[in-house]
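# What the coordinates show
What follows is each chain in one-letter form.
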Amino acid sequence: MSNGNRDEQRMKQVVQNYRSGELAVLDVPPPACKPGGVLVASRYSLISVGTELMKVSEAKLSLLGKARARPDQVRKVVETVAQVGPTAAYQKAMNRLDSYTPLGYSLSGVVTEVGRSATEFRVGQLVACAGNEHALHAGVNWVPTNLCVPVPPGVDPQLAAFATVGAIAMQGVRRGEMQLGETACVIGLGLIGQLVVQLLIAAGVTVVGLDPVAERCALAEAAGASACGAPTDEGVERVEQRLAALSGGLGADCVILSSGGASPDPVRLAARLARDRGRVVDIGKCSLDLPWNDYYMKELDVRFSRSYGPGRYDDRYELEGIDYPAGYVRWTERRNLACFLDLVHRGRVSLEPLVSAVFPVAEAVEVYQRLNAGELHGIGFLFAYPDATQGPQGPHGPEALEGLAVDDAGAVARGLPGGHDRTAPVSSPGETPRSAPATISTLQPRGSGRRRRPADGTVRLGFIGAGNYASSMLLPHLSGMDGVRLVRVATTTSLSAVNAQRRFNFADATTELDAVLDDDAIDALFVVTRHRSHASLTCQALARGKAVFVEKPLALTGDDLDHVLDTVRATGNDRLMVGFNRRFAPLLVDLRARFGQPAGACVARYLVNAGPLDSGSWYRDADEGSRFEGEGGHFIDTLSWWLGARPVEVQAQSTGDPDDLIANIRFDDDSVASLVYATNGNRRYPKEIFEVVGGGRVARLDNFRQASLWQGRHRTRRIATTIDKGQKQQLAAFVEAVRSGGPMPIELDSLAATTRATLAVSSSRASRRPLTV
């Protein structure tokens, strides 16, 4: 594959470092185009003054202030400490904090590239886009189909950039369930409040409003509100009197809260102005310390409005393109976007008065500073971008873009052979085929399979993927290692690549897979992407003569594993390492040395308290394999290494939850092991307990913190100051093997045996029968 000129192109993106609060406009590589979406060159992106300034202000808080603002994240850190120790937990937390994060979530732009299964769009089409991970303040964005809608003819791109906030306002109106002739009060007449006013009027609802800024009140009245005033005694009384006259003394049928802040005044005013059994809808982020007696006596119905509408925060809808049938869900977030633009097109909503100023995106830092200081007054502020009609084009046509696999921070490889389109119809309900790895015929050797050694002793590394695990557990060790140079990192998202380059001194960052694969200066490639891409990327890297370090699992199917082994045979390149790091953990290595080699077989027990997943974790994606398929190789490899034996038979059983299982494993030296993998335990309990009995000795490892050995009449115990699972030692061994041309730290046969045993556990669990490995 040719890289074309893509790597020479850069785009502007507005970012913030959440740890320091620094705002910046960076030159970054454009994102890759993936199936199920389109690349969009931005024309205009809308600044959400409320949401974005809140995020900007929060980022400037001290660490203690951030903790107070996000207690949910503090709880996660505390739970992580219990499982992985304070050092690893700190590194993981700081990795997330000390990274550039994007801003923005509403834009208009021109389609420059169409991914597979997004053929409803065409290159050159003007579209409006939504999403705080997809419609960013950036020159180019990849946007999934359900967060992208065509702009009707004649609608100005500036106005189309309001579509996302329009959908937020529309969802709030829908949650109010108002009917013709009813009355509503809108508290908070910022941008969303202004749009709510216009949408209510378009729906035949009589509107009054409250806001402390006189200009906003005047703007709402000019749009058709019957009366607006400040939330002072005089202003509220005037609005209340007008509301009584409009409603025959009943009060507002619905009060919509589109304000923010910690003041309890909005919810108290809502109770005062609402009629008996009226509705209160919260769109903004205001204090909801409800005056119980007031709400009880009127029996008010309090409702929340979530973002742009149904489908929001549902990955199957937003990322996989699975729509909700209109017969069941009439107004999804995408239909809300389209409906709002249609109202703009027909003149039912007027946005021109809401456009306060337009700034070049290069001036973003100054604009945020002026907004934060109160120097800019108005409702709607936009960033402008260069003419999108000549936006960056990828080096490959739309049909050449194959399936991608993204890690936990968006890092991915682009253009994988035989990639799986997650948005394509599945073969049967609930069954989604995994991506097929590249065949050997498509993987012609492009480099020597011999054990090449770096000429000057410096090992040059490339990374495909730079998510949280790579950034917290691998790259910190490699960046400080003598004789190692980090050459290039490839990810799908621009900021993932730039963050890795900034923090770890990569010479180059890209979103183009081939830029890394075809770089002859790279001696070894690290594959740290989502699971389903591991086998295919490993094959491609081996075929190019690279040494490969791939995070577990090596493969998700027996066919995937066979393709890897066939590639080794076809290319003669066996320079392969899988990230099975436990066998390198200092405390465990010392315990095994003290345990010695018993004369006969051993009995082992391994308890893994894996814990529950967060609701949004990509581990829940069935395309990425089961949780055990993704992680189980760690524990089987540890058992095999300790026993010095290969697994030959497995029998697995599970509870009603297939992720909770127990696997009994027999090894070729007649040793047996019981591996318990549990996902519904307590997160504060240690994650791993490992025990071995044999030759009159008992060894026990408690979560890499304490190692105990019972031998004869004595018990010896060693305690580690930190949890060390061997990542640093494993990486050092791999780098030295690449530098010297010596054997890989783990034999290829062992990697294959562990992978087959891991897959056999899943098969045995499903069939409820023992299986030979």
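Remember, it's a predicted structure, so these values are computed and weren't measured experimentally.

Before going further, it helps to examine the overall build of the chain. Each helix and strand in the chain was counted, giving 23 helices and 31 strands. A total of 773 residues make up the chain; the buried ones form 55% of that total. Sequence separation of 24 or more characterises 70% of the internal contacts of the chain that already satisfy a separation of 6 or more.

Core analysis: the biggest nonpolar cluster contains 63 residues, and F162, L200, F340 and L351 have the highest contact counts within it. In terms of residues, this core owes the most to one element, helix α6 (residues 163-176), which gives seven residues. Apart from the residues within four sequence positions on either side, F162 is in contact with L46, S106, L191, F340, L351, L354, V355, G380 and L382. Residues A497, A500, L537 and V548 belong to the second largest nonpolar core, which totals 58 residues.

In this section: the state of the cysteines. Considering all chains together, one arrives at zero disulfides under this definition. Unpaired in terms of disulfides, C129 finds its nearest cysteine sulfur in C148, a separation of 3.9 Å. Its sulfur unpaired, C217 is 5.4 Å from the next cysteine sulfur, which belongs to C228.

Moving on to the environment of D559. Its place among the elements puts D559 in helix α19 (residues 558-571). Along the primary structure D559 and A535 are separated by 24 residues, whereas in three dimensions their C-alpha atoms are 9.7 Å apart.

What follows concerns the pairing of strand β9 (residues 183-187). Within β9, five of the five residues are buried, which leaves it mostly tucked inside the rest of the structure. Alternating positions in β9 separate into two faces, T183, C185 and I187 on one and A184 and V186 on the other, with burial throughout. As paired strands, β9 and strand β10 (residues 206-210) are joined by five bridges and run parallel to one another. Within β10, the position partnered with T183 by the bridge is T206. You can see the chain leave β9, run along helix α7 (residues 191-202) and come back into β10, and the turn it takes is right-handed. As paired strands, β9 and strand β12 (residues 252-257) are joined by four bridges and run parallel to one another. Its bridge partner lying in β12, I187 is registered against L257.

As a further point, take the sheet that holds strand β1 (residues 11-17). Sheet architecture is open: three strands sit in the order β2-β1-β4, paired in antiparallel fashion. Every other strand in the sheet has two partners, leaving β2 (23-28) and β4 (100-102) as the edge strands with one partner each. For this sheet the average axis-to-axis angle between neighbouring strands, irrespective of direction, equals 50 degrees. Two elements, β1 and β2, share six bridges in a ladder whose sense is antiparallel. Bridge pairing links Q13 to L26 in β2.

We now examine the pattern of salt bridges. The tally for this structure, following the rule as stated, stands at 35 salt bridges. Here D342 and R346 are joined by a salt bridge, their closest N and O atoms 2.9 Å apart. Here R605 ties to E691 by a salt bridge, and the two come within 2.4 Å at their closest N and O atoms. Here R605 is found in strand β23 (residues 603-609), whereas its partner E691 is found in strand β27 (residues 688-694), with 86 residues between them in sequence. One network of salt bridges, in which partners are shared, links R605, E691, R700 and D702.

Moving on: the pairing of strand β16 (residues 380-384). With four of five residues buried, β16 is to be regarded as a mostly interior element. Alignment of strand β3 (residues 37-47) against β16, held across four bridges, turns out to be antiparallel. Residue S45 lies in a different strand from β16, and its bridge partner there is F383. As judged from the five bridges shared by strand β15 (residues 355-360) and β16, these two strands associate in the parallel manner. Residue pairing in the sheet places A357 in a bridge with F381 of β16. Taken together, β15, helix α14 (residues 364-372) and β16 form a β-α-β motif whose crossover is right-handed.

Before going further, it helps to examine the packing of aromatic side chains. A complete count under the given rule lists 17 aromatic pairs for this structure. When the ring of W292 is compared with that of Y296, the centres are 4.6 Å apart and the planes differ by 10 degrees; the resulting orientation is stacked. Remark: Y296 and W292 occur in helix α11 (residues 292-298); sequence separation between them is four residues, near one turn of the helix. For the residue pair W292 and Y296, the accessibility class agrees, reading exposed in each case. Summarising the aromatic geometry, the rings of F463 and F506 are spaced 5.9 Å apart at their centres and angled 75 degrees between planes, so their arrangement reads as edge-to-face. Placement of F463 in strand β17 (residues 459-464) and of F506 in the loop between α16 (494-504) and β19 (508-510) is noted, with a sequence separation of 43 residues between them. An identical accessibility class is assigned to F463 and F506; each is buried. Chaining the aromatic ring pairs together yields one cluster made of F595, Y606, F628, F635, W641, W642, Y677 and F690. The residue whose ring lies beneath R330 is W331, and the NZ or CZ to ring-centre distance is 4.0 Å.

The next point concerns helix α21 (residues 627-643). Here α21 is 17 residues long and its end C-alpha atoms lie 25 Å apart, about the 24 Å a rise of 1.5 Å per residue gives. For α21, the principal kink sits at G633 and spans about 35 degrees. When you tally the buried positions in α21, you get 17 out of 17 residues, the bulk of the element. Taken from the residues just after α21, G644 is the one with a positive phi, measuring 65 degrees.

This part takes up a nonpolar patch on the surface. Together, L288, L290, V302 and F304 line one region of the surface with nonpolar side chains, adding up to about 310 Å² of accessible area. Looking at the secondary structure, you find V302 in strand β14 (residues 301-304). Residue V302 is classed as partly exposed on the basis of its relative accessible area of 32%.

Attention now moves to the packing of α19 against helix α23 (residues 748-767). Packed helix pairs are characterised by how far apart their axes lie and by the angle those axes make with each other. Running from N to C, α19 and α23 point in directions that differ by 170 degrees, and their axes come no closer than 10 Å. What the angle tells us is that α19 and α23 run roughly antiparallel. When α19 is examined against α23, the residues G558, L561, D562, L565 and V568 are found in contact with a partner set consisting of L748, A752, T755, R756 and L759. A class-by-class count of the residues in the contact of α19 with α23 yields six nonpolar, two polar and two charged.

What follows deals with the sheet that holds strand β25 (residues 661-667). Across the sheet, nine strands lie side by side as β30-β29-β28-β27-β23-β26-β25-β24-β31; this open sheet has mixed pairing. Either end of the sheet is taken by a strand with one partner, and the two such strands are β30 (714-719) and β31 (771-772). Relative to β25, strand β24 (residues 647-654) is paired through seven bridges, and the arrangement is antiparallel. Across the sheet, the residue bridging to P647 is F667, located in β25. Relative to the sheet, α21 contacts β23, β24, β25, β26 (672-678), β27 and β28 (697-702), its axis offset from that of β26 by approximately 150 degrees.

The next thing to look at is unusual backbone geometry. In this structure, P553 follows K552 across a cis peptide bond, with omega equal to 0 degrees. With respect to the helices and strands, P553 occurs in the loop between β21 (547-550) and α19. Positive phi values are uncommon outside glycine, yet D670 reaches one of about 75 degrees. Looking at the element boundaries, D670 is found in the loop between β25 and β26. Not every positive phi belongs to a glycine, and F704 is a case in point at roughly 60 degrees. With respect to the element layout, F704 can be found in the loop between β28 and β29 (706-711).

Definitions and cut-offs
- Residues numbered from 1 in each chain as written.
- Predicted model: local features only at pLDDT ≥ 70, side-chain atom pairs only at ≥ 80, totals over all residues.
- Heavy atoms only, no water.
- Helix = DSSP H or I, 4+ residues; strand = E, 2+ residues; numbered from the N terminus.
- Buried < 20%, exposed > 50% of the residue type's maximum accessible area, 1.4 Å probe, protein only.
- Contact = heavy atoms within 4.5 Å.
- Core = buried A, V, L, I, M, F, W, Y, C linked by side-chain atoms within 4.5 Å.
- Disulfide = S-S within 2.5 Å.
- Pairing = 2+ DSSP bridges.
- Right-handed = clockwise from strand over helix to strand, strands pointing away.
- Axes fitted to C-alpha atoms, helices over the stretch in contact; angles between N-to-C directions.
- Salt bridge = Lys/Arg side-chain N within 4 Å of Asp/Glu carboxyl O.
- Phe/Tyr/Trp six-rings, centres within 6.5 Å; stacked < 30°, edge-to-face > 60°.
- Lys NZ or Arg CZ within 6 Å of the ring centre and 35° of its normal.
- Expected span 1.5 Å × (residues − 1).
- Bend = angle between axes of the 7 residues up to and from the residue.
- Patch = residues over 30% accessible without salt bridge, like charges linked within 9 Å, V, L, I, M, F, W, Y side chains within 5 Å.
- Areas by Shrake-Rupley, 256 points an atom, 1.4 Å probe, with all protein chains shown as cover.
- Parallel < 35°, antiparallel > 145°, perpendicular 65-115°, else oblique.
- Nonpolar A, V, L, I, M, F, W, Y, C, P; charged D, E, K, R; others polar.

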